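# Structural overview
Next come the chains, spelled out residue by residue.
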Amino acid sequence: MDSLIPNSEHRSLILLSLTLLLLIGAYLGIGAALRYFGKNPRYLLPSETVKRVAWPLIFILLSLLIRVPALRTLLGLEDYLEAFKQASTLIFIFGFTWLIITLLNVVKRLLLVRYDKDVSDNLKARKFYTQFTILERISIFLVVLLGIGAALMSFEGIREIGVSLFASAGVAGIIIGFSAQKLIATIIAGIQIALTQPIRLDDVVIVEGEWGRIEEITLTYVIVRIWDKRCLVLPTTYFIENPFQNWTRTSADLLGTVFLYTDYNVPFKAVREALERIVKASDDWNGEVANIQVTDSRAGHVEIRATVSADDSGKAWNLRVLVREKLIEFLQENYPESIAHSRLLLRETDVDFKTNHDRT
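Below is a summary of the structure that appears in this document. (Residues numbered from 1 in each chain as written. Predicted model: local features only at pLDDT ≥ 70, side-chain atom pairs only at ≥ 80, totals over all residues. Heavy atoms only, no water.)

On to the overall build of the protein chain, then. Counting secondary structure elements, the protein chain contains twelve helices and eight strands. When burial is assessed residue by residue, the protein chain has 32% of its 360 residues classed as buried. For the protein chain, the computed accessible surface area is about 22700 Å², with 62% contributed by carbon and sulfur atoms. (Helix = DSSP H or I, 4+ residues; strand = E, 2+ residues; numbered from the N terminus. Buried < 20%, exposed > 50% of the residue type's maximum accessible area, 1.4 Å probe, protein only. Areas by Shrake-Rupley, 256 points an atom, 1.4 Å probe, with all protein chains shown as cover.)

Below you can see the structure in the form of structure tokens.
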């Protein structure tokens, strides 16, 4: 090529143009392949995959372009070889790290596309969503950490310092371990939750005396959405070290209970028939459990427990509220004497009888 194009500037321009065309062709080819697989039902790539990987690929191709000698020649910066190499390395590490993170998210979405959390029996879906979400964040943390390490080690001075400190890494590790033991314990707890799953996304739990749902699980903390829209933020270690209630640990369906306190003359058969009519008229009942039981009796009242079943915690809550209201209305309208009340028994004694007799 030197004999065909003796002018070095023209030669550099041609080489740079060829390189640009090659990189643009590679970019377009990768984009076309992703679009093809996105349309193929066997692969089912998310529709925005091409857009998400576009910028990381541009940075990677830009890093390759910077390494082309023709670019330095054309710009008249032949003496800045090391600076161009360093910039190319940093841009490549940045783009490659970004690309790996994007691909991790795409893979997670491909694996979870078959699971629907919005169905009533979503136990399996919540299990996989929890595992993949936490594992994705662990992977992203490691990828970013390795990317930062690779970027720092690309500097000669920092690499020499790292080698000189390698001998004292044991002591430094012990010091760092003591100073960051809580953070390390929290991250390990997050990994343990992903593997053992004492809680899952959308689980119904009672923590710190509050009823709520697991809204988000990270490596270091868990967000519980309380029934009144408040957010309870707890460290992941809380669910490893402290007892709590998980209402949907093995199944999404629940039994709801309603307690009524009535008088002793309450007609239990009529209350059972009323409960059956109430639950059959409600869309929240799943048709499995609806019964009345006398669970306690005291001097002043009888304790009646109505047990009903629903497919999930939200329906169970609505059904309990409905059953409580309708049963109270039923007793008020049909058996008002069955509502718990206090009795006062007045008995005439012999002294009172003699006093009243003398007066007469």
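Moving on from the coordinates now.
In this model, helix 10 (residues 268-280) (13 residues) spans 19 Å end to end at C-alpha, consistent with the 18 Å of a helix rising 1.5 Å per residue. Three or more residues of helix 10 are buried, namely A270, V271, A274, L275, I278 and V279. On an axial view of helix 10, the arc spanned by its buried residues comes to 160 degrees, and they lie on one face. Of the residues in helix 10, the exposed ones pointing more than 90 degrees away from the buried face are K269, R277 and K280. Considering only its buried residues, helix 10 is in contact with strand 7 (290-297), strand 8 (302-310) and helix 11 (313-334). (Expected span 1.5 Å × (residues − 1). Arc of directions from axis to C-beta. Contact = heavy atoms within 4.5 Å.)

By the element assignment, S309 lies in strand 8. Side-chain polar atoms of S309 contact the backbone nitrogen of V289, separated by 2.9 Å. Residue contacts for S309: discarding those within four places in its chain leaves L254, L255, D284, W285, N286, E288, V289 and L319. (Polar contact = N/O pair within 3.5 Å; in protein donor to acceptor, adjacent residues only side chain to side chain.)

Let us now look at the environment of I60. Structurally, I60 is set in helix 2 (residues 49-66). Placed 32 residues apart in sequence, I60 and F92 show a C-alpha to C-alpha distance of 5.0 Å. Beyond its immediate chain neighbours, meaning those up to four positions away, I60 contacts F92, G95, F96 and L99.

The five strands are arranged 4-3-2-1-5 in an open sheet whose pairing can be described as antiparallel. If you trace the sheet from one side to the other, it starts and ends with strand 4 (231-235) and strand 5 (245-246), each paired once. Bridging between strand 1 (residues 204-207) and strand 5 involves two bridges; their strand directions are antiparallel. Looking at the pairing, V205 lines up with N246 of strand 5. (Pairing = 2+ DSSP bridges.)

Taken together, the side chains of R114, K124, K127 and R249 make up a positively charged region of the molecular surface. In this structure, R249 sits in the loop between strand 5 and strand 6 (254-262). (Patch = residues over 30% accessible without salt bridge, like charges linked within 9 Å, V, L, I, M, F, W, Y side chains within 5 Å. Salt bridge = Lys/Arg side-chain N within 4 Å of Asp/Glu carboxyl O. Lys, Arg positive; Asp, Glu negative; His and termini not counted. Charge placed at Lys NZ, Arg CZ, Asp CG, Glu CD.)

With that settled, consider the packing of aromatic side chains. Within this structure, the stated rule accounts for ten aromatic pairs. Centroid distance W211 to W247: 6.4 Å. Interplanar angle 65 degrees. Geometry classified as edge-to-face. Pair noted here: W211 is in strand 2 (residues 210-217) and W247 is in the loop between strand 5 and strand 6, with a separation of 36 residues, a long-range link. Overall, the relative accessible area of 31% leaves W247 in the partly exposed class. Here the aromatic rings of Y238 and F239 are separated by 5.4 Å at their centres, their planes lie at 75 degrees, and the arrangement is edge-to-face. Of the residues examined, F239 reaches a relative accessible area of 4% and is grouped as buried. Taken together, W55, F59, F94 and W98 form an aromatic cluster joined through their ring pairs. (Phe/Tyr/Trp six-rings, centres within 6.5 Å; stacked < 30°, edge-to-face > 60°.)

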